[in-house]
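Descriptive structure summary
This is what each chain is made of:
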Amino acid sequence: MAALDLDSVKNLSLFQDLTTPELENLSLLIFEKNYGKGSTLFVEGMTGEVLYLVKSGSVQILKKFDNHQEKVLATLKAGEFLGEMSLIDNRPRTATARVAEESVLLVMTKKAFNAMMEKHPTVALKVLLVFLKVANERVRKANESVKQI
């Protein structure tokens, strides 16, 4: 695990609205970790407590269907994030996440997220607004996919 390099993350969508002092506060709550190809971040059905932000590389979101075959629902690339809902609710993961290639991910635990909400509510609000925007976009894409079936 490495310390967060502010210059390399300030342009990521999740943090683009944060000021330098806000990024500095956030940097104390997030760490960077390297993951090898094929590493499983989480499995569908397990309880989640971690947000991942792809700094480099890619992560696949997979879903098992009735025939027990996995289908890739999405491939997330640098700047995209996953697992955000696990910071907000205590529900099981709805899919599996697997690293598709050597990747560097930024990691925030639920405990760190709660600390951010308590100690830095302005930062938390800005991050939550990005979560909402992305969630809305994902719902719209899902609705479009359903229309095409």
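See the structure above.
First, a word on scope: everything that follows refers to the structure included in this document. These numbers were taken from a predicted model, which means no experiment stands behind them.

Quick look at the overall build of the protein chain
- What the protein chain contains, in helices and strands, is five helices and six strands.
- Along the protein chain, from the amino end to the carboxyl end, the secondary structure elements read α-α-β-β-β-β-β-α-β-α-α.
- Taking 2.2 N^0.38 as the reference for a compact globule, 149 residues should give roughly 15 Å; the C-alpha atoms of the protein chain span a radius of gyration of 15 Å, in line with that estimate.
- Taking the principal axes of its C-alpha atoms as reference, the protein chain extends roughly 50 × 30 × 25 Å.
- Taking all contacts inside the protein chain whose residues are at least 6 apart in sequence as the whole, residues at least 24 apart take part in 72%.
- For the protein chain, the accessible surface area stands at approximately 8,900 Å², while carbon and sulfur atoms represent 53% of it.

A word on the pairing of strand S3 (residues 50-64)
- Judged from the eleven bridges that link them, S3 and strand S6 (residues 96-109) form a sheet pairing that is antiparallel. Within S6, the residue paired with Leu-51 across the bridge is Met-108.
- Where S3 folds back onto strand S4 (residues 70-77) in an antiparallel hairpin, the turn is made up of five residues, including His-68, whose phi is positive at roughly 65°.

Side note on the nonpolar core
- Within the largest apolar cluster, 22 residues are counted, with the highest numbers of intra-cluster contacts made by Leu-14, Phe-15, Leu-26, Met-108, Met-116 and Phe-131.
- If you list the elements that add at least two residues to this core, you get helix H2 (20-27), S3, S6, helix H4 (110-119) and helix H5 (121-147).
- Formed by 15 residues, the second largest nonpolar core is a distinct cluster that contains Leu-41, Phe-42, Tyr-52 and Val-54.

Here's the deal with a nonpolar patch on the surface
- There is a patch of nonpolar side chains on the surface, built from Leu-125, Leu-129 and Leu-132 and spanning about 300 Å² of accessible area.
- With respect to the helices and strands, Leu-129 occurs in helix H5.

Regarding the side chain of Ser-86
- Position of Ser-86 among the secondary structure elements: in helix H3 (residues 85-88).
- Here the side chain of Ser-86 touches Val-50 through a polar contact of 3.2 Å, landing on its backbone oxygen.
- Excluding its chain neighbours within four sequence positions, the residues that come into contact with Ser-86 are Gly-48, Glu-49, Val-50, Arg-93 and Lys-110.

Considerations on the pattern of salt bridges
- For the structure shown, the criterion picks out four salt bridges.
- The closest approach of N and O atoms between Lys-126 and Glu-22, which form a salt bridge, is 2.8 Å. Of the two residues, Lys-126 is situated in helix H5 and Glu-22 in helix H2; the sequence distance between them amounts to 104 residues.
- A residue is classified by how much of its surface remains accessible, and Glu-22, at 12% relative accessible area, is buried.

Comments concerning the packing of H4 against H5
- H5 packs onto H4 with a crossing angle of 125° between their chain directions and a minimal axis gap of 6 Å. Judged by the inter-axis angle, H4 sits oblique to H5. Facing Phe-113, Met-116, Met-117, Glu-118 and Lys-119 of H4, the residues of H5 in contact are Pro-121, Val-123, Ala-124, Val-127, Leu-128 and Phe-131.
- Taken together, the residues of the contact of H4 with H5 sort by class into nine nonpolar, no polar and two charged.

Quick look at H4
- Regarding H4, the residues found buried are Lys-110, Ala-112, Phe-113 and Met-116. When H4 is viewed along its axis, its buried side chains cluster within an angular range of 160° and face the same direction. The exposed set on the far side of H4, more than 90 degrees from its buried face, consists of Lys-111, Glu-118 and Lys-119.
- Where H4 is buried, its residues touch H2, H3, S6 and H5.

Definitions and limits used
- Residues numbered from 1 in each chain as written.
- Predicted model: local features only at pLDDT ≥ 70, side-chain atom pairs only at ≥ 80, totals over all residues.
- Heavy atoms only, no water.
- Helix = DSSP H or I, 4+ residues; strand = E, 2+ residues; numbered from the N terminus.
- Rg over C-alpha atoms; globule rule 2.2 N^0.38 Å.
- Contact = heavy atoms within 4.5 Å.
- Areas by Shrake-Rupley, 256 points an atom, 1.4 Å probe, with all protein chains shown as cover.
- Pairing = 2+ DSSP bridges.
- Core = buried A, V, L, I, M, F, W, Y, C linked by side-chain atoms within 4.5 Å.
- Buried < 20%, exposed > 50% of the residue type's maximum accessible area, 1.4 Å probe, protein only.
- Patch = residues over 30% accessible without salt bridge, like charges linked within 9 Å, V, L, I, M, F, W, Y side chains within 5 Å.
- Salt bridge = Lys/Arg side-chain N within 4 Å of Asp/Glu carboxyl O.
- Polar contact = N/O pair within 3.5 Å; in protein donor to acceptor, adjacent residues only side chain to side chain.
- Axes fitted to C-alpha atoms, helices over the stretch in contact; angles between N-to-C directions.
- Parallel < 35°, antiparallel > 145°, perpendicular 65-115°, else oblique.
- Nonpolar A, V, L, I, M, F, W, Y, C, P; charged D, E, K, R; others polar.
- Arc of directions from axis to C-beta.

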